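Listed here are the chains, written in short residue letters.
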Protein chains: 2
Amino acid sequence: MKLAAAITRLRELETTMHAYQHAMDLLYYDGVTTAPAAAFPGRGETLGTLSELSYRLFTSRKVGELLSFLEGEQANLDDQINREVRKLRESYDRQACIPEEEFSLFQELLNESEAVWRQAKADNQYDLFEPYLNRVVEYSVRFAKYYDDSLPAYHVLLQEYEKGTSMESLDRFFADLRTEIVPLVQQVLTSSVQIDDSFLYQTFPVAQQRELADYVLDVLGVDRSRCALGETEHPFTLHFNKDDVRITTHYEENNLVSSLYSVLHEAGHALYELSTAESLRGTCLAEGTSMGIHESQSRFWENIIGRSLPFIRLIYPKIQSLFPRQMAGVSAEQFYRAVNKSVPSLIRTESDELTYSLHIMVRYELEKRLVEGNLHTKDLPAAWNRMYQEYLGIDVPDDARGVLQDSHWSGGNLGYFPSYALGSAYSAQMLFYMEKDLAVWDCVSRGELLPIWSWLEERIYRFGSALEPGEVLENCCGGRLDSSYYVKYLKKKYGELYHLQE
Amino acid sequence: MKLAAAITRLRELETTMHAYQHAMDLLYYDGVTTAPAAAFPGRGETLGTLSELSYRLFTSRKVGELLSFLEGEQANLDDQINREVRKLRESYDRQACIPEEEFSLFQELLNESEAVWRQAKADNQYDLFEPYLNRVVEYSVRFAKYYDDSLPAYHVLLQEYEKGTSMESLDRFFADLRTEIVPLVQQVLTSSVQIDDSFLYQTFPVAQQRELADYVLDVLGVDRSRCALGETEHPFTLHFNKDDVRITTHYEENNLVSSLYSVLHEAGHALYELSTAESLRGTCLAEGTSMGIHESQSRFWENIIGRSLPFIRLIYPKIQSLFPRQMAGVSAEQFYRAVNKSVPSLIRTESDELTYSLHIMVRYELEKRLVEGNLHTKDLPAAWNRMYQEYLGIDVPDDARGVLQDSHWSGGNLGYFPSYALGSAYSAQMLFYMEKDLAVWDCVSRGELLPIWSWLEERIYRFGSALEPGEVLENCCGGRLDSSYYVKYLKKKYGELYHLQE
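In what follows, the accompanying structure is described. Here the structure is a predicted model, which means the values were calculated and not measured.

A few words now on the pattern of salt bridges. Tallying each qualifying case throughout the model produces 82 salt bridges over all chains. For the salt bridge of A:Glu65 with A:Arg61, the shortest nitrogen-to-oxygen distance reads 2.5 Å. A residue pair is termed a helical-turn pair when its members lie 3 or 4 positions apart in one helix, as A:Glu65 and A:Arg61 do in helix H3 (residues 61-72) at four residues. Using a relative accessible area of 39% as the deciding quantity, one classes A:Glu65 as partly exposed. For A:Arg61, a relative accessible area of 62% translates into the label exposed. Residues B:Glu102 and B:Arg142 are paired through a salt bridge, measuring 3.0 Å at the closest nitrogen-oxygen approach. Note that B:Glu102 is positioned in helix H5 (residues 100-123) and B:Arg142 in helix H6 (residues 126-147), a separation of 40 residues in sequence. You can call B:Glu102 buried: its relative accessible area is 16%.

In structure tokens, the structure reads:
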């Protein structure tokens, strides 16, 4: 094979894989935004066909040979192509080790499993879902073993979401959070400070909430000619390429902040995808590098910026002009305190910035034990409920609001949850380093967010997945994850809000 | 090859081709309903890749061999499979005769050509578009010759949109219309009857127009769990399968009837696709059989039912309740006359039921001459303007409102236009036969449209493309196209509206 021909074949492979992914992602997106209810089975069939075509193409012997050839030519290839080859090699090894029939069976299982989970959650019937979850765990462990029998299965699974993260480092990380945040939550609970947030739960017409969403996207500098905002039950962000990013939100008439902060959260994901370098376009590197780094960006814009006093002061005039009656007599400072009120609660996606990582800790410990074989799916609800009592001090009244609340496990995404907590911790660490270079809060106060975006663009966004998560941290915040930045950030913020003693 | 294995391979082929089509149609749909503006090039690349994959798969030697094998087994196969094979064979012969490179070049040309047409129309610059149209015509003729050198190229092109229609029958059909309808238009123009339709052009808030759209879809019995209504600049209908049909409309604040009748029109297309038989699901037969038969359904529901006095009487209370101020003092009969007002005009899509087919006649004669080499694209605007003067008695002030108004030619759809006029004529012929079996207008007056749908479902809809257009006409209205039904229908309706002498 000639080198030039191999590079052409690499480009064709990337183009075709991208086309399949674009189509599949769009089928999903359309399914949750626009499609009529009965469209579900037909969409599933098309998704199944496309996913099989794409799996077959990618795991073919020819692709293996092409990658091996290019690996042998490393010295003659530029850095970007070598990184493309490295990324494709990882996916290839991960997928090609699975026998095609088992791959198909697993896809079918996931389809069923997600449907059964939805039903089980609606009916509050964990028993319905348990056998499916059990098989999802079995398959996940088996596939991890196919990939590398010498490593713990959970370690292998983790690499899919946050490459380079070890179980040991996660154990340490969550141990730190347990030591520091569980007592902090306790202090907040027993503080004499009472935050009134009742004004956030009046009637807020959706038309004005939509206007507010458009406004905050403008404030953040999201390029709307490349980013559409849609509506779904569960907000998310998708990108087809850097010129076509989709974020969604959900408007609740009786809750002003639910959609406001979901928009800020998804805008963070969107800013990342909108800002990958032109030179990566069309390659497998043109997307965020990991779930954890992605989540650091959504949480950075949602929480660190979005729930800061300077940002609230910046956007509050707009909120007051949209909702003059509802916000009469409410100051920006009161609004700031209300959106930061902390109360241990049952549902992860509704929890506040302080207690959020405790929800993740529960999931991390449980899924690790499921995968390691130290916990049977039958015993999962009891273990879940015990941990909610231990870490958050609350009773779980039923499985629908307990172990059945999230879709991740039913979708086979074991190893995904830790990236949420990692993202929060990364974002605080990034803030610390950003403040060395930039008068962050002056920028926010003046409504000039461009320097903040530029700082992130230069160190994170433009690299897409050309850098691995560890390299990104190297680039922007001094190397490895260090949970102390996150702990300090939370202690300072909640110490002030709740007048806690050091 | 074993027969059972061949049938399995046929099913796999149909499933895969359907998945590609589903994805490509969804990319198009999303592009015109939801995608951000800058998404255009990325979508084009994915569409190009998928279309190439699907073309390569379908035109492969293996598919040719499979079809030949199944054709040899005709006696051992059931009727439906034989019809699937027949339909696939037609597409195969049509596509496989084109060299792959020329196919790709043509796709690229169409992409450019559509973009240039859009610009040319916006800037009123036919010269910009002319060289592209010239090449589109060249390619179309060349491809028609590849398919069958012994037939006139325009005849070959026609078969793609309305199989079984000959140029001779179309010449006769349009000659009849010219003889009968041109003088009728003249009579209407000089009639002393003046219809006031000014009340249709007040301010009608879009929210209420949306409610009206939902209401008429309910009246027609469109199953909304299988049919979504979206918004686009140019209304259209798409189906992914019988459980996922999409119609779109465009609301204009100053025009009540534009969206109302576009919804009725698209609902006609939708009813057809929603009603193909379960047994056809997943096969290449699960869709309407031709453009002409499809258009007969959209025009049946839009014009024959939708613009009838009984239907207006049925829905008028709803219109009055949605727009009490605007419709104050307007009776159902006045509304009926207003929506049927006939005035020769420049734009096909805005024209009334009476003059519509004259717009088509112009396009038919011109595209036939272009393809036959009797007219050069450079001379097209002058020829267009002359014919608008001759048939409709109006001057075309500029090409944007003349020859550049439609997208069809820029999209390579030469041979498509006649199906619009055929559809109108079919629909009048169908009404004549339906009235023999059914008290059509009693049903409409009572708001019971189910028997009308059932009549059509039984004779047309359920067959999908298992029957060819001629067989459908056989099934429901006595055989071949006969323009006299259409002429009689128009003479009666407009004679009454404008008090014309027989």
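Quick look at the nonpolar core now. B:Leu220, B:Trp301, B:Phe311, B:Ile319, B:Met327, B:Phe335 and B:Ile452 are the most contacted members of the largest nonpolar core, which has 143 residues in total. Here this core gets eleven residues from one element, more than from any other, and that element is helix H10 (residues 256-274) of chain B.

Another point: the interface of chain B and chain A. Listed per partner, the contact involves 33 residues of chain B and 33 residues of chain A. Summing both sides of the interface, chain B and chain A together bury roughly 2,300 Å²; the carbon and sulfur share of this comes to 67%. In this structure, the connection of chain B to chain A is made through two salt bridges. As a salt-bridge pair, B:Arg246 and A:Asp30 come within 2.6 Å of each other at their nearest N and O atoms.

On to the environment of B:Ala19, then. One can find B:Ala19 in helix H1 (residues 3-33). According to the relative accessible area criterion, B:Ala19 is buried, its value standing at 1%. Not counting residues up to four positions away in its chain, the partners in contact with B:Ala19 are A:Thr46, A:Thr49 and A:Leu50.

Turning next to the pairing of strand S2 (residues 237-241) of chain B. Burial analysis of S2(B) places four of its five residues in the buried class, which makes it a mostly covered element. Between S2(B) and strand S3 (residues 244-249) of chain B, which pair antiparallel one after the other, the connecting turn spans two residues.

With that settled, the discussion passes to the relation of the copies chain B and chain A. At an RMSD of 0.0 Å, chain B and chain A line up after a rotation of 180° and a shift of 0.0 Å along the axis. Between the two chains, the operation in question is that of a two-fold axis. For chain B, the minimum C-alpha distance to the rotation axis belongs to B:Ala23 and amounts to 2.8 Å. Most of the interface of chain B is mirrored in chain A, where 100% of its interface residues again form contacts.

Criteria and cut-off values
- Residues numbered from 1 in each chain as written.
- Chains lettered and ligands numbered in written order.
- Predicted model: local features only at pLDDT ≥ 70, side-chain atom pairs only at ≥ 80, totals over all residues.
- Heavy atoms only, no water.
- Salt bridge = Lys/Arg side-chain N within 4 Å of Asp/Glu carboxyl O.
- Helix = DSSP H or I, 4+ residues; strand = E, 2+ residues; numbered from the N terminus.
- Buried < 20%, exposed > 50% of the residue type's maximum accessible area, 1.4 Å probe, protein only.
- Core = buried A, V, L, I, M, F, W, Y, C linked by side-chain atoms within 4.5 Å.
- Contact = heavy atoms within 4.5 Å.
- Buried area = accessible area lost by both parts, 1.4 Å probe.
- Pairing = 2+ DSSP bridges.
- Least-squares fit on C-alpha atoms with pLDDT ≥ 70 in both.

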